[in-house]
Amino acid sequence: MPRCFWCSEDPLYMAYHDQEWGTPLRDAQGLFELLLLEGFQAGLSWITVLRKREHYRKVLFGFDAQRLARLSDAEIDALMLDPGIVRNRLKLNATRRNAAAWLALEDPVGWLWSFVGGVPRINHFKDRSEVPAITPEAEAMSKALKKAGFTFVGPTICYAFMQASGMVMDHTQDCDRYAQLAIAG
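Keep in mind the model is a prediction, meaning the values are calculated, not measured. (Residues numbered from 1 in each chain as written. Predicted model: local features only at pLDDT ≥ 70, side-chain atom pairs only at ≥ 80, totals over all residues. Heavy atoms only, no water.)

A. Up close: the nonpolar core. Ranked by size, the top nonpolar core spans 50 residues in total, and within it Tyr56, Trp102, Met141, Met162 and Met167 carry the most contacts. Here this core takes 7 residues from helix 2 (residues 28-41), the largest share from any one element. (Core = buried A, V, L, I, M, F, W, Y, C linked by side-chain atoms within 4.5 Å. Buried < 20%, exposed > 50% of the residue type's maximum accessible area, 1.4 Å probe, protein only. Helix = DSSP H or I, 4+ residues; strand = E, 2+ residues; numbered from the N terminus.)

B. Representation of the state of the cysteines within the structure. In total, this model carries 0 disulfides according to the counting rule given. For cysteine 7, which is in no disulfide, the shortest distance to another cysteine sulfur is to cysteine 4 and amounts to 7.8 Å. Judged by its relative accessible area of 12%, cysteine 7 falls in the buried class. (Disulfide = S-S within 2.5 Å.)

C. Representation of the packing of helix 1 (residues 11-19) against helix 3 (residues 46-59) within the structure. Where helix 1 contacts helix 3, the axes come no closer than 10 Å and their chain directions differ by 95 degrees. Between helix 1 and helix 3, the angle is such that the two are roughly perpendicular. Between helix 1 and helix 3, the residues in contact are Leu12, Tyr13 and Tyr16 and Trp46, Ile47, Leu50, Arg51 and Arg53, respectively. Of the residues assigned to the contact of helix 1 with helix 3, the class counts are 6 nonpolar, no polar and 2 charged. (Axes fitted to C-alpha atoms, helices over the stretch in contact; angles between N-to-C directions. Parallel < 35°, antiparallel > 145°, perpendicular 65-115°, else oblique. Contact = heavy atoms within 4.5 Å. Nonpolar A, V, L, I, M, F, W, Y, C, P; charged D, E, K, R; others polar.)

D. Here's a closer look at the packing of aromatic side chains. Throughout the structure, instances matching the rule amount to 6 aromatic pairs. An angle of 65 degrees between the planes, with centres 5.2 Å apart, marks the rings of tryptophan 6 and tyrosine 13 as edge-to-face. A relative accessible area of 22% means that tryptophan 6 is categorised as partly exposed. Assessed through its relative accessible area of 10%, tyrosine 13 is described here as buried. Taking 5.5 Å as the distance between ring centres and 80 degrees as the angle between the ring planes, the aromatic pair formed by tryptophan 111 and phenylalanine 115 counts as edge-to-face. Among the aromatic residues, ring-to-ring pairing joins Trp6, Tyr13 and Trp21 into one connected group. Seen from the ring of phenylalanine 61, arginine 67 lies directly overhead, with NZ or CZ sitting 4.1 Å from the centre. (Phe/Tyr/Trp six-rings, centres within 6.5 Å; stacked < 30°, edge-to-face > 60°. Lys NZ or Arg CZ within 6 Å of the ring centre and 35° of its normal.)

Function-wise, these values are silent; they only describe arrangement.
In structure tokens:
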């Protein structure tokens, strides 16, 4: 199966590409998890975080926002010793802060999707050189998330989040998923 240029031969990466990336996600829990994981990815490769995702789910209480908003400093200290996650205190503190900000949103799913007008934006890129790292919508999302109290939500992270959650469909035309998602969009 032809895949996007960024997908390696790693079976975990191929499954993520084939089953998740670019597929519209409207589940609040899934979007919250993805937003946090994209923040953990900052400065790293996505495959690094993807390989740690199951462990994150275990140690971060299944990405339960209510529980994560109550993370204690001692719990963050303990997480800093866990080699199964990205041990970055700023990112772990952001997890607590972002959970509290998430809980303050009235309709997080509708609000996040509003940055693309509520429907997936289907792009028709032929080549990887056409795929942007940042768009005006991602900049607007980043600014709004920061205003709402989130951290680790710069415009590049927001665009990666939009791509991963299917808010924008950036599978290139030479990828088998392009046709599937362009028609469904």
